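Summary of the model geometry
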Amino acid sequence: ELKGIVFVIQSQSNSFHSKRAEDLKRDILKQAVDLGKELPTVLLIHQIDRHEGAWTILPLMRDFSVTYGRNSSWIFFCEEDTRIQVVKLVETLRRFDKSKEWFLGKALYDEESTIIHHYAFAENPTVFKFPDFAAGWALSIPLVNKLAKKLKSEPLKSDFTIDLKHEIALYIWQKGEGPHLTPVPEFCTDDVNSYMVDHCATTFSNFLPLCGEPVNKEDVFVAVKTCRKFHADRIPVVKQTWEREAALIEYYSDYADISIPTIDLGIPNTDRGHCGKTFAILERFLNHTSPRTPWLVVVDDDTLISIFRLRKLLSCYDPNEPVFLGERYGYGLGTGGYSYITGGGGMVFSRTAVQKLLASKCRCYSMDAPDDMVLGMCFSGLGIPITHSPLFHQARPMDYPKDYLSHQIPVSFHKHWNIDPVKVYFTWLAPNTEESSNGKKVGYNREDL
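Please read all numbers here as calculations on a predicted model, not as lab measurements. In every chain, residue numbers begin from 1 and rise along the written sequence. Side-chain atom pairs in this predicted model are given and counted only at pLDDT of 80 or more, local residue features only at pLDDT of at least 70, and totals for whole chains, interfaces and linings cover all residues. Heavy atoms throughout the structure, all of them, feed into the side-chain values; hydrogens and water do not.

1. What to know about the overall build of the chain
A helix here means a DSSP run of H or I that spans at least four residues, while a strand means a run of E at least two residues long, and both kinds are numbered starting from the N terminus. A count of helical and extended segments in the chain gives 12 helices and 22 strands. Our radius of gyration looks at C-alpha atoms and nothing else; its globule reference is 2.2 Å times the residue count to the power 0.38. For the chain, the C-alpha radius of gyration of 22 Å lies close to 22 Å, the compact-globule estimate for 449 residues. For the C-alpha atoms alone, the extent of the chain along its principal axes is close to 70 × 50 × 45 Å. Note on areas: these come from Shrake-Rupley sampling with a 1.4 Å probe, and a residue is covered only by the protein chains present in the view. In the form shown here, the chain has an accessible surface area of approximately 19300 Å², with 51% of it arising from carbon and sulfur atoms.

Have a look at this one:
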């Protein structure tokens, strides 16, 4: 029955995202009313603020078990852009015995082992399946209770959260002692308007958000972090690909090279983290650019980014809010910890966020500290949540399942390792003449890159 399903929307507190999640919650409840059914429970993850790491889901299992372990049958997780046909979802879940341990979803798998999954299942990575969150995924209550019990006796280790969907599947699998993901064909990521969706209980709004006109080119200041040893091989790639999309761009290095040109911030290059350099860039943005420029993007010299698409995406965010946007990772979230935007995919700041950060006393604990993690720590301390977008990528296209990228219009990828970065840019990120003004997905000629 519908009332036996607890819906959990993987929401965020940023105003744009929380509104999307509230709209989905209203839609689920309206469908229940129209069916004349008792209203199900619909939770928004960002409102479960007892946990800094609520978005990583596993820390919530004990609460779910205590609150819903007796009177519910399923916990169903979805993203703010997942669309749910409630009747079909109930019919789909009814096929599975709710007294057994079930882990249901749309299956993704790695075609080759990848660093973002620590080269798991290196001999044959295709054997391990993990859920595409965009399609929705479900845990039966007996499995939730089992996970809660395990978490009570063995608290989560305090380490990194990099790809949550893969890590949750690994945790549930328990080295073969727990259930594998059971693929459910009714959990779909086709667009709701596709002719393919008649059998689907879920669909996904697979387009680049556009909330009005794209922000002006002059509203986005781009800071590229580089160093002398990469001037000759990495900077030419930027100039051949996305530099032309940026109206305001500066290259920051440990050496002033007028042919690029680069700006020497007076901070020596470090082999590890670049915290000193990044904070110097933030200070420079605040003090030496027009106060009318609302957005700062900080990228590495081996980041491939679509400024064209970023301008569309930024139309959805209020620069008067402290926005810190990109691909979210976590550190130590099982035991407190903090979330951060991983630097390689690009870090986007509203001027308001930079002002609040620099007005605080939070700074690098060393010049070579990891800049992205220090920023995450600082914003966490200030009570400013980071904002996740899956359209930013810390790795290369080949490091992600094809099916996962198929319902995205990506904003960035990172690294030039073992690829032709110019080809990757023009295949995945270059403005496409067919890219329509409403941001709908179009057919790209994406080769196996």
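Here the narrative resumes, following the displayed structure.
2. Focus on the sheet that holds strand 2 (residues 41–44)
When DSSP finds two or more bridges between two strands, those strands count as paired. Spatially, six strands are ordered 2-1-3-8-5-10 in an open sheet, and the strand pairing comes out mixed. Sheet topology places strand 2 and strand 10 (182–183) at the edges, where each strand pairs with a single neighbour. Pairing between strand 5 (residues 103–105) and strand 10: two bridges, direction parallel. In the strand pairing of strand 10, Gly-105 is matched with Pro-183. Here a residue-residue contact requires only that any non-hydrogen atoms of the pair lie within 4.5 Å. Note on method: axes are straight lines fitted to C-alpha atoms, helices fitted across the in-contact stretch only, with angles between N-to-C directions ranging 0 to 180 degrees. On the sheet, helix 1 (residues 15–34) packs against strand 1 (5–9), strand 2 and strand 3 (74–78) and is oriented at approximately 175 degrees with respect to strand 2. Running over the sheet, helix 2 (residues 61–68) touches strand 1, strand 2, strand 3 and strand 8 (137–140) and is turned about 135 degrees from strand 3.

3. Brief notes about the side chain of Asp-372
The residue Asp-372 is located in helix 10 (residues 371–381) in this model. Beyond its immediate chain neighbours, meaning those up to four positions away, Asp-372 contacts Tyr-340, Ile-341, Thr-342, Gly-343 and Met-347.

4. Re the packing of helix 7 (residues 275–288) against helix 9 (residues 351–359)
Viewed as axis vectors pointing N to C, helix 7 and helix 9 meet at an angle of 115 degrees, and their least axial separation amounts to 10 Å. Crossing angle aside, the handedness with which helix 7 passes helix 9 is left-handed. Contacts from Phe-279, Leu-282, Glu-283, Phe-285 and Leu-286 in helix 7 reach Arg-351, Val-354, Gln-355, Leu-357 and Leu-358 in helix 9. The nonpolar class holds Ala, Val, Leu, Ile, Met, Phe, Trp, Tyr, Cys and Pro. Asp, Glu, Lys and Arg form the charged class, and all remaining residues, Gly among them, are polar. Along the lines of polarity and charge, the residues of the contact of helix 7 with helix 9 split into seven nonpolar, one polar and two charged. Take the far helix as your reference; a near helix turned counterclockwise from it by less than a right angle gives a left-handed crossing, and one turned clockwise gives a right-handed crossing.

5. Details of the state of the cysteines
Two cysteine sulfur atoms form a disulfide, by the criterion used here, when they sit within 2.5 Å. Counted under the stated rule, the structure contains four disulfides. Cysteine Cys-78 shares no disulfide, and the gap to the nearest cysteine sulfur, in Cys-188, comes to 14 Å. The closest cysteine sulfur to the non-disulfide-bonded Cys-227 is located on Cys-275, 17 Å from its own sulfur.

6. Considerations on the UniProt feature "domain: Fringe-like glycosyltransferase" (unreviewed entry) in the chain
UniProt positions are given in the numbering used here, feature names are shortened, and annotations may be inferred rather than shown by experiment. Mapped onto this structure's residue numbering, the UniProt feature "domain: Fringe-like glycosyltransferase" (unreviewed entry) falls at residues 68–151 and 214–424. The span residues 214–424 carries 27% helix and 21% strand; its end-to-end C-alpha distance comes to 24 Å.

7. With respect to the pattern of salt bridges
For this document, the term salt bridge refers to a Lys or Arg side-chain nitrogen within 4 Å of an Asp or Glu carboxyl oxygen. Applying the stated rule across the entire model yields 21 salt bridges. The residue Arg-20 makes a salt bridge to Asp-81 at a minimum N-O spacing of 2.8 Å. With a gap of 61 residues between them, Arg-20 in helix 1 and Asp-81 in the loop between strand 3 and strand 4 (82–84) connect regions that are remote in the sequence. Here Arg-20 matches Asp-81 in class, with each residue buried. With its nearest N and O atoms 2.9 Å apart, the salt bridge here joins Lys-150 to Glu-154. Each of Lys-19, Asp-23 and Arg-26 takes part in salt bridges that share partners, so that together they form one network. Throughout, exposure labels follow a simple rule: accessible area from a 1.4 Å probe, protein chains only, divided by the maximum for the residue type, with under 20% read as buried, over 50% as exposed, and the rest as partly exposed.

8. A closer look at a nonpolar patch on the surface
Taken together, the side chains of Ile-115, Tyr-119 and Trp-417 present a nonpolar region at the surface, about 340 Å² in accessible area. Topologically, Ile-115 is positioned in the loop between strand 6 (107–108) and strand 7 (130–131). Judged by its relative accessible area of 47%, Ile-115 is partly exposed. Distance thresholds for patches are 9 Å for like charges and 5 Å for nonpolar side chains (Val, Leu, Ile, Met, Phe, Trp, Tyr), applied to residues having over 30% relative accessible area and no salt bridge.

9. Some words on the environment of Pro-291
For Pro-291, the position within the fold is in the loop between helix 7 and strand 15 (295–300). You can call Pro-291 exposed: its relative accessible area is 67%. Taking the C-alpha atoms as reference, Pro-291 lies 8.1 Å from Arg-351; in sequence the two are 60 residues apart.

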